[in-house]
Amino acid sequence: MADVVFENVSKIYNGGVIGCKDINLEIRDKEFCILVGPSGCGKSTTLRTIAGLEEITEGNLKVDNEIVNNIPPKDRDIAMVFQNYALYPHMKVADNMAFGLKLRKYPKEEINKRVDEAARILGITKLLDRRPKQLSGGQRQRVALGRAIVRKPKVFLFDEPLSNLDAKLRVQMRVEIKKLSSKLQTTMIYVTHDQVEAMTMGDRIVVMKDGFIQQVDDPIKLYNEPKNKFVAGFIGSPSMNFIDAEITSESEKYQIKGDSFNISLNKKAFDFLQKYNGKNIIIGIRPEDIIDRVYAKVSTSKNVVRAEVITEEPMGSENYIHANIGSNKIIMKTKGSNRVSMGDELELIFKPEQLHFFDVKTEERIT
């Protein structure tokens, strides 16, 4: 078992293209850590530096307190599960799983023992005599996992391992990998562009953008206390709404004024907004924190924001309503029974305690 520590690690490609830059991160022993972000953010590059598949340009990478910058991939005691499974088509499942151990000259009895144990853990014992072309996508993914497990490495790496599976199978495999993490008690580092995967699987999540780390936190804190507008918009499904507004001060209240709306906030509760008095800011509100006043039968008419329905996305138990608030487009999450039509006028209430505020220039969260 091992921790993985990045010390000012950068990977710069020819021409100055940034793969990842100034990565400072400690992934703790036995932790399930997720690297998440949009395509091209540097998450796979960061993962590949751990495996030794990308040469580090600057900084040091430590695995189990040892600097591994110049250690070849085969000597790092790290196992990697790839997006495309990377199975040998001419080999049976058992031989695919055993291949790495055979290269390392393990005794035959030890190889058979490890393959049988991994197959039992993954529920693929009956598949050991089949070839990859005879397997479903989910079964192939289990075999790829098994090949990594038999090595009993210090660190497991996963590079978007579920992206080739259908939606239902992805959910099943998320659960399987999470259970596997609990069973094996090994450091696991998992790359995905799917924030739902990240939120449901990780002990901690590393959000990346343009090669830089934006925030590292546990899923709940990441969701409730995003450090900037990018993180706030990336984490959460549907994503957070952003609305341009201006703050003005009146007596005991702050007035948050935007295109076609005005919200009053108690000064004592929102005293951190004082330095933004008279300035423009960005308001953030998650879809589930918007209330349809009429549907919810809320009696108060204070702080009502009027909106016009664009369309709806009925999901069964939930309904996603898209609407315009002046020139701002928003989406709200409500009960499936709350059905609307294009052009309907809505009276919305934003939960004040759930509002997020961001600096217009830096896009950092105002706290």
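These figures come from a predicted structure and were not determined experimentally.

Draft legend 1. Just the overall build of the protein chain, in detail. When helices and strands are tallied, the protein chain shows nine helices and 20 strands. Projected onto its principal axes, the C-alpha positions of the protein chain cover 80 × 45 × 35 Å. Residues classed as buried in the protein chain amount to 48% of the 367 residues present. Within the protein chain, contacts between residues separated by at least 24 positions form 65% of all contacts whose residues are at least 6 apart in sequence. For the protein chain, the computed accessible surface area is about 17,800 Å², with 46% contributed by carbon and sulfur atoms.

Draft legend 2. Representation of the side chain of Thr45. Checked against the element boundaries, Thr45 lands in helix H1 (residues 43-51). Residue Thr45 is classed as buried on the basis of its relative accessible area, which comes to 12%. Here Tyr13 takes part through its side chain, which lies 3.4 Å from a polar atom of the side chain of Thr45. Once residues lying within four places of it in the same chain are set aside, the contact partners of Thr45 are Lys11, Tyr13, Gly19, Cys20 and Glu54.

Draft legend 3. Here's a closer look at the pairing of strand E10 (residues 212-217). In this sheet, E10 lies alongside strand E9 (residues 204-209) in antiparallel orientation, the contact comprising five bridges. Note on E10: the bridge partner recorded for Met208 is Ile213. Linking two consecutive strands that pair antiparallel, namely E9 and E10, is a turn of two residues; a positive phi of about 50° is found at Asp210 within it.

Draft legend 4. Layout of the sheet that holds strand E13 (residues 261-266). If you trace the five strands from one edge of the open sheet to the other, you get E13-E12-E11-E14-E20, paired in antiparallel fashion. The open sheet has two edge strands with one neighbour each: E13 and strand E20 (356-359). In this sheet, neighbouring strand axes are inclined to one another by 40° on average, regardless of whether the strands run parallel or antiparallel. The pairing of strand E11 (residues 241-250) with strand E14 (residues 280-285) spans six bridges and is classified as antiparallel. Paired with Ala245 across the bridge in E14 is Ile281.

Draft legend 5. Up close: the nonpolar core. Ile34, Met97, Leu145, Phe158, Ile177, Tyr190 and Val207 are the most contacted members of the largest nonpolar core, which has 46 residues in total. Tallying contributions element by element places helix H3 (residues 108-122) first for this core, with six residues. With residues up to four places along the chain from it excluded, the contact list for Ile177 reads Phe32, Leu145, Phe158, Leu162, Tyr190 and Met201. In terms of nonpolar packing, the next biggest core, distinct from the first, is built from 30 residues, Ile247, Leu265, Ile321 and Phe357 among them.

Draft legend 6. Examining the sheet that holds strand E16 (residues 304-314) more closely. With antiparallel pairing, the five strands of this open sheet are ordered in space as E15-E19-E16-E17-E18. Of all the strands in the sheet, just strand E15 (290-292) and strand E18 (328-335) have a single pairing partner and so form its edges. Sheet twist, expressed as the average angle between the axes of neighbouring strands with direction ignored, equals 45°. In this structure, E16 lies alongside strand E19 (residues 345-350), joined through five bridges in antiparallel fashion.

Draft legend 7. Structural context of the side chain of Asp3. Locating Asp3 in the fold gives a position in the segment before strand E1 (4-12). Asp3 has contacts with Glu26, Ile27, Arg28, Asp29, Lys62, Val63, Asp64 and Asn65, leaving out every residue within four places of it along the chain.

Draft legend 8. Up close: H1. Within H1, seven of the nine residues are buried, which leaves the element mostly enclosed by the surrounding structure. Those residues of H1 that fall on the buried side of the exposure criterion are Lys43, Thr45, Thr46, Leu47, Thr49, Ile50 and Ala51. Looking one or two residues past H1, Gly52 carries a phi angle of roughly 90°, positive in sign.

Draft legend 9. Representation of the domain arrangement of the protein chain. On domain assignment, one finds that the protein chain holds domain 1 (4-234) and domain 2 (241-359). Computed from C-alpha atoms alone, the centre-to-centre distance between domain 1 and domain 2 is 40 Å. Contacts between the two partners involve seven residues from domain 1 and, on the opposite side, six residues from domain 2. Across the domain 1/domain 2 interface, buried area totals approximately 640 Å², and carbon plus sulfur atoms make up 62% of it.

Draft legend 10. Just the packing of aromatic side chains, in detail. For the structure on display, the rule yields nine aromatic pairs. Residues Phe32 and Tyr190 carry aromatic rings whose centres are separated by 5.9 Å and whose planes lie at 45° to one another, so their mutual orientation is tilted. Of this pair, Phe32 sits in strand E3 (residues 32-36) while Tyr190 sits in strand E8 (residues 187-192); the two residues are 158 residues apart in sequence, bridging distant segments of the chain. Accessibility classification places Phe32 together with Tyr190 in one group, the buried group. Their ring planes at 80° and their centres at 6.0 Å tell us that Phe270 and Phe357 sit as a pair that is edge-to-face. Placement of Phe270 in the loop between E13 and E14 and of Phe357 in strand E20 is noted, with a sequence separation of 87 residues between them. Of the two residues, Phe270 and Phe357, both sit in the buried class. Put simply, the rings of Phe32, Phe156, Phe158 and Tyr190 touch in pairs and so form one group of aromatic residues.

Draft legend 11. Region of interest: the layout of surface pockets. Its volume calculated, the largest pocket comes out at about 500 Å³. Looking at the largest pocket, it is lined by 18 residues, and the ones nearest its centre are Ile78, Met80, Phe82, Arg104 and Arg151. For the lining of the largest pocket, the secondary-structure elements that each account for two or more residues are strand E6 (78-81), helix H2 (93-103) and helix H4 (137-149). When the residues that make up the lining of the largest pocket are grouped by side-chain class, the tally is 13 nonpolar, one polar and four charged. Its volume calculated, the second largest pocket comes out at about 210 Å³. Lining the second largest pocket are 16 residues, and of these Glu353, Gln354, Leu355, His356 and Arg365 sit closest to its centre. Among the elements of the structure, helix H7 (219-224) and E20 are those that each provide at least two residues to the lining of the second largest pocket. Its residues assigned to classes, the lining of the second largest pocket shows seven nonpolar, four polar and five charged.

Thresholds applied
- Residues numbered from 1 in each chain as written.
- Predicted model: local features only at pLDDT ≥ 70, side-chain atom pairs only at ≥ 80, totals over all residues.
- Heavy atoms only, no water.
- Helix = DSSP H or I, 4+ residues; strand = E, 2+ residues; numbered from the N terminus.
- Buried < 20%, exposed > 50% of the residue type's maximum accessible area, 1.4 Å probe, protein only.
- Contact = heavy atoms within 4.5 Å.
- Areas by Shrake-Rupley, 256 points an atom, 1.4 Å probe, with all protein chains shown as cover.
- Polar contact = N/O pair within 3.5 Å; in protein donor to acceptor, adjacent residues only side chain to side chain.
- Pairing = 2+ DSSP bridges.
- Axes fitted to C-alpha atoms, helices over the stretch in contact; angles between N-to-C directions.
- Core = buried A, V, L, I, M, F, W, Y, C linked by side-chain atoms within 4.5 Å.
- Domains from an automatic or database assignment.
- Buried area = accessible area lost by both parts, 1.4 Å probe.
- Phe/Tyr/Trp six-rings, centres within 6.5 Å; stacked < 30°, edge-to-face > 60°.
- 1 Å grid on protein atoms, 1.4 Å probe; cavity = no way out; pocket = protein on both sides within 12 Å on 5 of 7 lines; lining within 4 Å.
- Points joined across faces, edges and corners; volume = space filled by probe spheres on them.
- Nonpolar A, V, L, I, M, F, W, Y, C, P; charged D, E, K, R; others polar.

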